[in-house]
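Summary of structural features
Given next are the chains, with one letter for each unit.
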Amino acid sequence: MDKILTLLLLSITLISCKKNIGVTEKEVNAVQQVLNFYNGECLRHKGIESKNGETKTYFELEMSKSPLLESNATNLKPHAANIAYLFYTSLDDEKTNYNQIRVKINLQNGTTSQFSYSDKEIEEIEKLMPKIDNISQLIKNKDFETLTNLFDKTLELETSQIAELFNKLDNQFGNVKQDQFQGFEFKEMKDIGQVITINVAQVREKTALTMVLTFIRSNQNLISIGF
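Residues numbered from 1 in each chain as written. Predicted model: local features only at pLDDT ≥ 70, side-chain atom pairs only at ≥ 80, totals over all residues. Heavy atoms only, no water.

A short note on the packing of aromatic side chains
- All told, the structure shown has 8 aromatic pairs when counted by the stated rule.
- Ring centres of Phe59 and Tyr98 lie 5.5 Å apart, and the angle between their planes is 90°; on these two criteria the pair is classed as edge-to-face. With Phe59 in strand β4 (residues 54-64) and Tyr98 in the loop between α3 (76-89) and β5 (100-106), this residue pair connects regions lying 39 residues apart in the sequence.
- Note on Phe59: relative accessible area 1%, which makes it buried.
- Both rings, one in Phe166 and one in Phe227, keep their centres 5.9 Å apart while their planes meet at 80°; by these two values the pair is edge-to-face. Of the two residues, Phe166 sits in helix α6 (residues 159-173) while Phe227 sits in the segment after β10 (222-226), which places them 61 residues apart along the sequence.
- Judged by relative accessible area, which is 1%, Phe166 ranks as buried.
- Members of the aromatic cluster, joined through ring pairs, are Phe59, Phe87 and Tyr98. (Phe/Tyr/Trp six-rings, centres within 6.5 Å; stacked < 30°, edge-to-face > 60°. Helix = DSSP H or I, 4+ residues; strand = E, 2+ residues; numbered from the N terminus. Buried < 20%, exposed > 50% of the residue type's maximum accessible area, 1.4 Å probe, protein only.)

Structure below.
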């Protein structure tokens, strides 16, 4: 039987940014960054867990009563990843305190979903973020030639194909006004292998769309833009 040793466990309901015993100021701020994005309520748990000789120093965020999560109940996985990303990247020089971020989402219908992300997985997305931001900016600038050149060369895409897609979107929904990163997933694709999908909320003049960017995980080359 696996032996699990929990050395430290703190559970605190976060209502405001007040300093609490057992957490650092940066941890309080990092949780607040999550609440600024999702609202609702958050319980925090942190500790050290040893199992089969492997030690995990974790911080868990338990979310509930979030209107955004409630309205996207069928799409919780990328949101959970976004919660982990928001928290971890807000820790600054305290990132090294944890090698795992856990996310638990409680919905009002009684269902609970749990997710976990290693520090290496989140850092992988951090390294990808400049490319994500660049893609969003190229779309705003309608620089479709440069955008086409970002795709993996095996796809042999033409600039006209990319331009046609975004011209149709511009005509139907208006120009892009703002973009917002909203999470990621690691997936397996047939004939390609491991990929990373990135969800970006693309706010246009008439409506908001979800743009999904797909990258080959091994080299971070772009292979797909979908809506």
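Section: the pattern of salt bridges
- Under the defined criterion, the tally for this structure stands at 11 salt bridges.
- Note that Asp179 is salt-bridged to Lys140, the shortest N-O span being 3.5 Å. One end of the pair, Asp179, is in strand β7 (residues 176-189); the other, Lys140, is in helix α4 (residues 119-141), with 39 residues separating them in the sequence.
- The shortest N-O distance in the salt bridge between Arg204 and Asp170 comes to 2.7 Å. With Arg204 in strand β8 (residues 193-204) and Asp170 in helix α6, this residue pair connects regions lying 34 residues apart in the sequence. Comparing Arg204 with Asp170 shows no difference in burial state: the two are buried. (Salt bridge = Lys/Arg side-chain N within 4 Å of Asp/Glu carboxyl O.)

Points about the environment of Glu41
- Mapped onto the elements, Glu41 comes out in strand β3 (residues 41-51).
- With a relative accessible area of 34%, Glu41 lands in the partly exposed category.
- C-alpha separation for the pair Glu41 and Thr96, spaced 55 residues apart in sequence, amounts to 26 Å.
- With sequence-adjacent residues up to four places away left out, Glu41 is seen in contact with Leu35, Glu62, Met63, Ser64 and Lys65. (Contact = heavy atoms within 4.5 Å.)

Some details on the environment of Met129
- Its place among the elements puts Met129 in helix α4.
- Given a relative accessible area of 12%, Met129 falls into the buried group.
- For the pair Met129 and Ser116, spaced 13 residues apart in sequence, the C-alpha separation works out to 20 Å.
- Beyond its immediate chain neighbours, meaning those up to four positions away, Met129 contacts Tyr85 and Phe181.

Description of the nonpolar core
- The biggest cluster of nonpolar side chains holds 55 residues, and the ones touching the most others in it are Ile198 and Leu213.
- With 9 residues, the top contributor of residues to this core is α3.
- Look past the residues within four positions of Ile198 in its chain and what remains in contact with it is Ile125, Leu128, Ile132, Phe181, Gly183, Phe184, Met211, Val212, Leu213 and Phe215. (Core = buried A, V, L, I, M, F, W, Y, C linked by side-chain atoms within 4.5 Å.)

A short note on the pairing of β3
- Sheet topology places β3 next to β4; 11 bridges connect them, and they run antiparallel. If you follow Ile48 over to β4, its bridge partner there is Thr57. (Pairing = 2+ DSSP bridges.)

Comments concerning unusual backbone geometry
- Residues other than glycine seldom take positive phi values, yet Lys142 does so here, at roughly 55°.
- In this structure, Lys142 sits in the loop between α4 and α5 (144-149).
- Given a relative accessible area of 37%, Lys142 falls into the partly exposed group.
- The backbone of Asp191 shows a phi angle near 70°, a positive value even though the residue is not glycine.
- Mapped onto the elements, Asp191 comes out in the loop between β7 and β8.

All we've got here are geometric facts, nothing functional implied.
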